[in-house]
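# Summary of structural features
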Amino acid sequence: MRYYYAPLEGITDATFRRLHSKYFSGVDKYFMPFISPTIHRCLTNREARELPKAESVPFAAVPQLLGKNVDDMLWAIAVCRDLGYDEVNINLGCPSGTVVSKGKGSGMLSDIYALDAFLEAIYAKAVLPVSLKTRIGVNDSESWEKLLEIYRDYPVRELTVHPRIRKAFYKGDCDMAAFAKAVEDSPFPVCYNGNVSSLDDAGKIAEQFPTVESIMIGRGLVADPGMLCGGTDREALKAFLNELSDTYCTVFESKRNAIYRMKDNWHYLIALFEGSEKLWKEMRKSTDYDRFMAIANEIIETLPMRPHPEINW
Ligand SMILES: Cc1cc2nc3c(=O)[nH]c(=O)nc-3n(C[C@H](O)[C@H](O)[C@H](O)COP(=O)(O)O)c2cc1C
């Protein structure tokens, strides 16, 4: 099985990916949070920082693009090619209101004719192989089979399916019957994504879908960064988080912003520790960097660790 780190905007940025790969092995490809190309045809400073030259990182990474304008997307694909990447991923799943209202992300699934025309133009001219990351619908999954038919008309490098509709955001069970439809007779590789928080969960997917060769994991890997390399070791976790926080202080030029970012990490990480309620409450309230780091270290050093995180999906 190949394991991919899911793109998580606000968490798995360039710093995070670099340090995760330094302390924990087992990820075959890191998918980057999306960038949205605009008519201005230039990357913002932040985007340029988030999209380093492929050769400058010692792991495989895939840029993700979000947008519906074919020319802007083709321009961004060429930029990714020039930076040395060998694949781009197109986001057809983002459920955020501001994205969907502009007909982007999972909003692209509501007009299948426009989606078909978009994909036809992209696959006709893209200078890199293009993979897709999709949900199974917007308000319901009635068009799912039609969407699959459309995808199957194109040389999709790999189709990652997050089997939820847009309305479900990231909550509740995944629709495994819908995922099964994507796998059946698929002309291209299909990757599973959703609610995997342990290797046992991944094993169940592999057992149920023997032809699936890749699984993408997001929140489960933030919660248990060592899931794919034999479990999260306390010392490695401490070193990882200390270096991550320090680097954020430098990158953001603000300890306050570093704390905000680290709290987003701990939102998931806390699920790995038993009896963490009191310290987690204190951590959430903390605004002083040194105090925040002391609480983080106390959690890592003193609380019992669960065999795998208990995430409330
Ligand atoms: C905070 C957050 C940010 C996300 N950002 C992105 C993104 O930039 N691109 C994308 O395709 N999916 C994004 N996702 C969706 C994840 O990649 C993934 O599909 C989702 O979390 C389900 O997988 P999981 O259950 O393993 O976390 C995001 C999800 C979360 C919770």
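Reading the values: rules and limits
- Each residue is numbered by its place in its chain's sequence as written, counting from 1.
- The model is predicted, so local features are restricted to residues of pLDDT at least 70 and side-chain atom pairs to those at 80 or more, both for listing and for counting; the totals for chains, interfaces and linings are taken over all residues.
- Remark: hydrogens and water are excluded; side-chain values derive from all non-hydrogen atoms of the structure.
- Working definition: rings of Phe, Tyr and Trp (its six-membered ring) pair if their centres are within 6.5 Å, and the pair is stacked with planes under 30 degrees apart, edge-to-face with planes over 60 apart, and tilted otherwise.
- Only when the NZ atom of a Lys or the CZ atom of an Arg is both within 6 Å of the ring centre and within 35 degrees of the ring normal do we say a charge sits over the ring.
- Elements are defined by DSSP. Helices are runs of H or I of four residues or more, strands are runs of E of two residues or more, and each kind is numbered from the N terminus.
- Any two residues having at least one pair of non-hydrogen atoms within 4.5 Å are treated as being in contact.
- Nonpolar cores are built from buried Ala, Val, Leu, Ile, Met, Phe, Trp, Tyr and Cys residues. Side-chain atoms within 4.5 Å join them into one set.
- Only protein chains enter the accessibility calculation, which uses a 1.4 Å probe. A residue is then buried if its area is under 20% of the maximum for its type, exposed if over 50%, and partly exposed in between.
- Domain borders in the structure are assigned automatically or taken from a domain database.
- Here a salt bridge means any side-chain nitrogen of Lys or Arg lying within 4 Å of a carboxyl oxygen belonging to Asp or Glu.

## Description of the packing of aromatic side chains
Tallying each qualifying case throughout the model produces 12 aromatic pairs. Taken together, Y5, F16, Y23, F24, Y30, F59 and F240 form an aromatic cluster joined through their ring pairs. The cationic tip of R135 hangs over the ring face of Y170; the distance from NZ or CZ to the ring centre is 5.1 Å. Over the ring of Y248 we find R261, and its NZ or CZ is 5.6 Å from the ring centre.

## Re the environment of R306
Along the chain, the position of R306 falls in the segment after α13 (289-302). Considering only alpha carbons, one finds R306 and A271, 35 residues apart in sequence, at a separation of 8.2 Å. Residues contacting R306, with those up to four places away along its chain left out, are I270, A271, L272, F273 and E274.

## Describing the nonpolar core
Core analysis: the biggest nonpolar cluster contains 98 residues, and L119, L132, W144, Y151, L241, W266 and I299 have the highest contact counts within it. Counting residues domain by domain, this core receives three or more from each of domain 1 (2-229) and domain 2 (234-302). Beyond its immediate chain neighbours, meaning those up to four positions away, L132 contacts N89, I90, L92, L119, Y123, Y151, V156, E158, L159 and T160. Ranked by size, the runner-up nonpolar core spans 6 residues in total, among them Y4, F31, V62 and C191.

## Points about the pattern of salt bridges
When charged atoms on two side chains of opposite charge get close, those side chains can pair. In this structure the tally under the stated criterion is 12 salt bridges. Of the charged contacts in the structure, one is a salt bridge between R81 and D82, with a shortest N-O distance of 2.9 Å. On the basis of relative accessibility, which here comes to 57%, the residue D82 falls in the exposed class. A single salt-bridge network, built from bridges that share partners, covers K29, E87 and R157.

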